[in-house]
2 protein chains.
Amino acid sequence: MTAIDFWYEFASTYSYPAAMRVEARAAERGVSVNWRPFLLGPIFADAGWRDSPFNIYPTKGRYMWRDMQRICDALGLALRRPEPFPQNSLLAARIALALEGHARAAFSKAVYLAEFAEGRSISDRAVLSEILASIGAEPAAVLNLAESAANKERLKAECGLAKSLGLPGAPCLVTADGEIFWGNDRIEQALDWAGRA
Amino acid sequence: MTAIDFWYEFASTYSYPAAMRVEARAAERGVSVNWRPFLLGPIFADAGWRDSPFNIYPTKGRYMWRDMQRICDALGLALRRPEPFPQNSLLAARIALALEGHARAAFSKAVYLAEFAEGRSISDRAVLSEILASIGAEPAAVLNLAESAANKERLKAECGLAKSLGLPGAPCLVTADGEIFWGNDRIEQALDWAGRA
């Protein structure tokens, strides 16, 4: 089965609708999805940004929130701006990486809903533990694994790979032949490319 | 007939495929297109940018050129990077604004083809005069009108309006009810919105 890498950042707004719809769109085309959580911080730092570009550039930020509202309305998804924005996504990314397969996808979607549909804090261990329990995982054991030295190194390596691939933001879909498609609005194009390859 | 404003900048890469396809996509939906040339310079200056963000941020720039190649390949459009990039688009924008209706659209598409399919310099009066002649306009008369004080002021006013609308970049489609859709990849969504309104 053709596979595609779905690179996502928990603090990223457009990653939310992308995460909620990528599996269904991929299944229509017989493509399987590898969920690859990463952090945009190191990539943004290279660009000189210490905050979300949507905060640094208010015109872009205003546009993005209105655009997100339209996108979520069309998909039947609730949208609530978390405070602060962006959220600190480090622990959520470590947990997602410590999980595998279906559990990683289920956890990731639940985190996005908590953050952007309910406006909850995803840097809060209690919130993340609750989400882990809701998907049938054992919170304490997963948190232990997530915060192990090996898992922390694994996330660093993933972020290094994202940077070396040249991912310009999140979400990105990357095909087996190395094509990068950036944005929730490029999911169909990326999957069509993967399906043809 | 429902109309939509198509805001475009001659130096903008994604405005090229958008300009080449917006009329056909609009016609399918019974929407008419108002061609509104503007300059991103004043908007980018507010963000602190004195150059194209695709030059300032190399990761974004590399992604954009590969993305443009895929988009142009899919549309059967040639792509050649003009030198320098971005081109100075001031005179081309003044000329476009001095033209009306069909002539403005025809001139604009011809400028994009000269710039991004042939890599020609669109700040060159000889190139712009040749384009004007090719669409059946009288180059000297149009250049006179384009560089009149009134037309220069009109372009400034258009740029001021673009800024006050909150356009985050180019191209943008703006519906009669004030919705902004940014990007070549949002043409269909924008026209569907306009058609429903």
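The structure under discussion appears in the preceding block.
Residues numbered from 1 in each chain as written. Chains lettered and ligands numbered in written order. Predicted model: local features only at pLDDT ≥ 70, side-chain atom pairs only at ≥ 80, totals over all residues. Heavy atoms only, no water.

Looking at helix α4 (residues 58-75) of chain B
Compared with an ideal rise of 1.5 Å per residue, which puts 18 residues at 26 Å, α4(B) spans 26 Å between its outermost C-alpha atoms and is within 8% of the ideal. By the burial criterion, the buried members of α4(B) are B:K60, B:G61, B:Y63, B:M64, B:W65, B:D67, B:M68, B:R70, B:I71 and B:C72. On its buried face, α4(B) sits against α4 (58-75), β4 (180-182) and α10 (187-196) of chain A together with α1 (15-28), α3 (53-56) and α6 (101-117) of chain B. B:G76, located one to two residues past α4(B), shows a positive phi value of around 70 degrees. (Helix = DSSP H or I, 4+ residues; strand = E, 2+ residues; numbered from the N terminus. Expected span 1.5 Å × (residues − 1). Buried < 20%, exposed > 50% of the residue type's maximum accessible area, 1.4 Å probe, protein only. Contact = heavy atoms within 4.5 Å.)

Considerations on the nonpolar core
Ranked by internal contacts, the top residues of the largest apolar core, which has 135 residues, are A:F10, A:I95, A:F107, B:F10, B:I95 and B:F107. With eight residues, helix α6 (residues 101-117) of chain A is the largest single contributor of residues to this core. In this structure, A:F107 is in contact with A:F10, A:A92, A:I95, A:A96, A:L99, A:L128, A:I131, A:L132 and A:I135, ignoring residues within four places of it in sequence. (Core = buried A, V, L, I, M, F, W, Y, C linked by side-chain atoms within 4.5 Å.)

Focus: the pattern of salt bridges
The final tally for this structure, using the stated rule, is 40 salt bridges over all chains. A salt bridge links A:D46 to A:K163; its shortest N-O distance comes to 3.2 Å. Of this pair, A:D46 sits in helix α2 (residues 41-46) while A:K163 is found in helix α9 (residues 149-165), placing the two residues 117 residues apart along the sequence. A salt bridge links B:E179 to A:R70; the shortest N-O distance between them is 2.6 Å. Taken together, the residues B:E179 in the loop between β3 (172-174) and β4 (180-182) and A:R70 in helix α4 connect one chain to another. One exposure class covers both B:E179 and A:R70, and it is buried. (Salt bridge = Lys/Arg side-chain N within 4 Å of Asp/Glu carboxyl O.)

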